[in-house]
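# Summary of the model geometry
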Amino acid sequence: MLGALILVFVHLLMIFGMDGKKLSKRHGATAVGDYRDRGILPAARRNFLALLGWSPGEDREIMTGEEMIALFSLEAIQKKPATFDTAKLEWMNGQYLSEMPGEALAAAVARELERMDVHFGGVHLLPAYIDAVKSRARTILEIAERVAIRLDSRRAVLDDKGRKLIEKMGGAYGRSLVLAIDTLRGLGESEWRAEPILEALKRRVEAEGLKLGDLLQPIRVAITGTTVSEPVNELLEVVGRSSSLARLTRAAERNGER
């Protein structure tokens, strides 16, 4: 009668938690601020929420806001309840983090490092550390924790994977560290870059008749405490010459070498 536009309302199905129960104020509810504090980016939160009950098709998941608007249709709304999978949310956040330059994440990472009481000498120094670790992190908190390990050797705590590698290698672990130290000491500060480091280590293992992994994994564990990181030559570059050699020397001494 008034000639006004008649709105169309659509109701999505319920959203379930990972336990199969409906999300509600009393079950599984978490404030947006909690996800922010965990280091989940706004763009990742928006992308994740948009896919709860809707799909653009073709297994497409990572989208900008403009792409979601362009692709949306009522016909694509799903006919079964969605599941609020926090692991999926963190995975999606990791995809966003890996595409962002270190400079864009430096301020957020700096706040976490300050909270952790880790000294980093200025926000302008952080991008190189962030770029080295962001592809393997799913939240800003994880990035900060990995950066902290590279800045402060006290945070490089040996984990189960690192401990198992040392046990498996036995005496070869310490001997490999000695070879690494002797090799890397031959590189000056001006040569302490990823490519020269890798070439020096390759020459050493060839001369000793070893496999490159026999040298790289012990170095990785001695520097970070674990068996997973960015490529070892890049790890050594970002940690720096003096700190890297100091960590390797301490690790060798703990294993009865030198």
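Bear in mind that the values here come from a model prediction, so they are computed numbers and not experimental data.

### Some points on the overall build of the protein
A count of helices and strands for the protein gives 13 helices and two strands. Here the C-alpha atoms of the protein give a radius of gyration of 24 Å, more than 25% beyond the 18 Å that 2.2 N^0.38 yields for 258 residues. Expressed as lengths along the three principal axes of its C-alpha atoms, the size of the protein is roughly 90 × 35 × 35 Å. In the protein, which comprises 258 residues, the proportion classed as buried is 40%. Counting contacts in the protein only where the partners sit at least 6 residues apart, residues at least 24 apart contribute 68% of the total. If you sum the accessible surface of the protein, you get close to 15,100 Å²; carbon and sulfur atoms cover 54% of it.

### Digging into helix α4 (residues 86–99)
Across its 14 residues, α4 extends 20 Å between first and last C-alpha, which sits within 8% of the 20 Å expected from 1.5 Å per residue. Residues Leu89, Met92, Asn93, Gly94, Tyr96 and Leu97 constitute the buried set of α4. Contact partners of the buried residues in α4: α1 (32–37), α2 (42–50), α5 (102–115) and α7 (140–151). Where α4 starts, the residue carrying a side-chain oxygen 3.0 Å from the main-chain nitrogen of Ala87 turns out to be Asp85.

### Observations regarding the nonpolar core
In terms of nonpolar packing, the biggest core is built from 65 residues, with Leu113, Ile143, Leu184, Ile219 and Leu236 touching the most fellow members. The residues touching Ile219, leaving out its near neighbours within four places in the chain, are Leu177, Ala180, Leu201, Val232, Leu236 and Leu248.

### Examining unusual backbone geometry
The backbone phi angle of Asp59 is positive, close to 55°, even though this residue is not glycine. You can see Asp59 is positioned in the loop between α2 and α3 (65–71). For Asp117, which is not glycine, the phi dihedral falls at a positive 60°. Within the secondary structure, Asp117 sits in the loop between α5 and α6 (126–133). Overall, the relative accessible area of 55% leaves Asp117 in the exposed class.

### Brief notes about the side chain of Thr224
Tracing the chain through its elements places Thr224 in helix α11 (residues 212–224). Looking at Thr224, its side chain comes within polar contact range of the main-chain oxygen of Arg220, at 2.8 Å. A distance of 3.2 Å separates a polar side-chain atom of Thr224 from the backbone oxygen of Thr226. Once you skip the residues sitting within four places of it in the chain, Thr224 turns out to touch Ile149, Arg150, Ala156, Val157 and Leu235.

Reading guide: rules and limits
Residues numbered from 1 in each chain as written. Predicted model: local features only at pLDDT ≥ 70, side-chain atom pairs only at ≥ 80, totals over all residues. Heavy atoms only, no water. Helix = DSSP H or I, 4+ residues; strand = E, 2+ residues; numbered from the N terminus. Rg over C-alpha atoms; globule rule 2.2 N^0.38 Å. Buried < 20%, exposed > 50% of the residue type's maximum accessible area, 1.4 Å probe, protein only. Contact = heavy atoms within 4.5 Å. Areas by Shrake-Rupley, 256 points an atom, 1.4 Å probe, with all protein chains shown as cover. Expected span 1.5 Å × (residues − 1). Polar contact = N/O pair within 3.5 Å; in protein donor to acceptor, adjacent residues only side chain to side chain. Core = buried A, V, L, I, M, F, W, Y, C linked by side-chain atoms within 4.5 Å.

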